[in-house]
Every structure is written in structure tokens, then in C-alpha cells.
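# Inside the fold
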Amino acid sequence: MKKCHGLNILIIKKYMWWDNISSIDLKILPNLIKEAKKSDRKRIMYCLHNSVDSMLHTMVNVIYKDSYICPHKHLVDDGCQVIKKWESYLILDWKGKLLFFDDNWIIEKVIDIDANKWSMVLVPEGVWHSIISISEYIVIFENKTWPWEEWKDKVFHDKFPLEGEDWVNKVLGEWYSI
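Let me begin by describing the structure that accompanies this report. From a predicted model like this one, the values you see are computed outputs, not experimental measurements.

This part covers the sheet that holds strand β11 (residues 120-123). Read across the open sheet, the five strands follow the order β3-β4-β13-β8-β11; overall the sheet is antiparallel. Sheet topology places β3 (43-47) and β11 at the edges, where each strand pairs with a single neighbour. Adjacent strand axes in the sheet meet at a mean angle of 25 degrees when their direction is disregarded. Here four bridges tie strand β8 (residues 87-93) to β11, and the two strands are oriented antiparallel to one another. Along β11, the bridge assignment pairs Glu87 with Val123. Those strands touched by helix α2 (residues 29-38) are β3, β4 (56-64) and β13 (137-145), and its axis lies near 65 degrees from that of β4.

Structure (C-alpha cells):
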């Protein structure tokens, strides 16, 4: 077995196997933007990972203004293990805000995210957060660790409304005023 920079070539070949390479042609963005606008949730996600079982989930998100994402964190105790997930964002188009909260629904930090400034953010495990678009829409490249199972993916903040509840617009109004 040959070595290259201290790694086995077999390992390098495994990660370079063409069938496992995912790519996106950014020419599809106009279609994603249209689909997000038509969706009830005013957002859409395009997945580049091959399976919900992938250890790294890579996505392109289009989020329209007035799309509500309930504050949540990725630290789930399922009784057998504690699932801790990290997220990273790279802003590809337009502007938004990444909001961070404490346990009592107080906003602790707001990060302005802007594609013109090549905004990148790493959200650690267990941190309450949400994101809003302050332009018509925002396009985000996102990575999230661990396989996806709906009930193990995230915990929603119990002091905020869930999607579709009556006081969502009040909350969004407060966030946009920051």
C-alpha cells in the first residue's frame, strides 16, 4: 500500500470515488427561488448529500422574507444518547440576520449576514438560533453534522410559537425591528 502525504492511497481513492461526488450548478438558483416563493413555508432546501444517514448534510436553502423558523438548537437527548450537531452557513445571495437566544427567549446576539461581505457563521451545538431574510430572500449554503432523524434533529424553543401559530407575525415583526 502506497502512502501519499501520510495517507493511504486507498483512503484517498475512497473519498475521490466519482459516484459519491455531489455538485450543484448555480444556474438552478432561479428555479429554487421560484419554488421557495410558491411554497407555504416560503423556503426551500436543495440537498447535496446522498442520504439522511450521511454524517455531513450539505444543503442550499432559499428563505424568503416573512418565512418563520422557530428558534431551535441541535442538542437532543433521546434517553440513550445526547445528539450534538454543529451547523455552518455561507451566505451566497442577499442579506439576513442570524439570531441567538437564551433559555428565556432573550436575544443574546444578532449577526448580520451578507453575501457581499462573504458572511460565514459556525453555530455550535446546543445554541438556540433562528435565521431571517431582511432582503426579499436569502440564499444560504449550509452544512450540518450527523445523520438526520426528525425526532433527533432539533429541539424547538418552548417560549416561541411553532410554525403556523397565531403570534408568529408578531415575533417576526420584533425580529425585523432589531
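Attention shifts here to a nonpolar patch on the surface. On the surface, a nonpolar cluster with roughly 300 Å² of combined accessible area is contributed by Trp105, Ile106 and Trp167. Position of Ile106 among the secondary structure elements: in the loop between β9 (95-101) and β10 (107-114).

Structurally, His49 is set in the loop between β3 and β4. Within the structure, His49 has its side chain in polar contact with the side chain of His57 (distance 3.2 Å). Residues within four places of His49 in sequence aside, it is in contact with Ser54, Leu56, His57, Thr58 and Met59.

This part is about the nonpolar core. Ile91, Leu98, Ile131 and Ile140 are the most contacted members of the largest nonpolar core, which has 13 residues in total. Excluding its chain neighbours within four sequence positions, the residues that come into contact with Ile140 are Met59, Val60, Asn61, Ile63, Tyr89, Leu90, Ile91, Leu92 and Ile131.

Here we take up the packing of aromatic side chains. In total, this model carries eight aromatic pairs according to the counting rule given. On the numbers, 5.4 Å between centres and 50 degrees between planes, the contact of Tyr64 with Tyr137 is tilted. With a gap of 73 residues between them, Tyr64 in strand β4 and Tyr137 in strand β13 connect regions that are remote in the sequence. Comparing Tyr64 with Tyr137 shows no difference in burial state: the two are buried. Judged by centre distance (4.9 Å) and plane angle (65 degrees), the ring pair of Phe101 and Phe160 falls under edge-to-face. Taken together, the positions of Phe101 in strand β9 and Phe160 in the loop between β14 (155-156) and α4 (168-176) put the pair 59 residues apart, joining distant regions of the chain. In this structure Phe101 comes out as buried when scored by relative accessible area, which is 3%. Within the aromatic cluster, the residues linked to one another by ring pairs are Tyr68, Phe101, Trp105, Phe160, Trp167 and Trp175. Here the basic side chain of Lys65 rests over the ring of Tyr176, its NZ or CZ set 5.1 Å away from the ring centre.

Moving on, we come to α2. Along α2, the positions that sit buried rather than exposed are Leu29, Leu32, Ile33 and Ala36. The buried residues of α2 occupy an angular sector of 100 degrees when the element is viewed end-on, so they sit on one face. Away from the buried face of α2 by more than 90 degrees, exposed residues Lys34 and Lys38 are located. Looking at the buried residues of α2, the elements they touch are β3, β4 and β13.

Criteria and thresholds
Residues numbered from 1 in each chain as written. Predicted model: local features only at pLDDT ≥ 70, side-chain atom pairs only at ≥ 80, totals over all residues. Heavy atoms only, no water. Pairing = 2+ DSSP bridges. Helix = DSSP H or I, 4+ residues; strand = E, 2+ residues; numbered from the N terminus. Axes fitted to C-alpha atoms, helices over the stretch in contact; angles between N-to-C directions. Contact = heavy atoms within 4.5 Å. Patch = residues over 30% accessible without salt bridge, like charges linked within 9 Å, V, L, I, M, F, W, Y side chains within 5 Å. Areas by Shrake-Rupley, 256 points an atom, 1.4 Å probe, with all protein chains shown as cover. Salt bridge = Lys/Arg side-chain N within 4 Å of Asp/Glu carboxyl O. Polar contact = N/O pair within 3.5 Å; in protein donor to acceptor, adjacent residues only side chain to side chain. Core = buried A, V, L, I, M, F, W, Y, C linked by side-chain atoms within 4.5 Å. Buried < 20%, exposed > 50% of the residue type's maximum accessible area, 1.4 Å probe, protein only. Phe/Tyr/Trp six-rings, centres within 6.5 Å; stacked < 30°, edge-to-face > 60°. Lys NZ or Arg CZ within 6 Å of the ring centre and 35° of its normal. Arc of directions from axis to C-beta.

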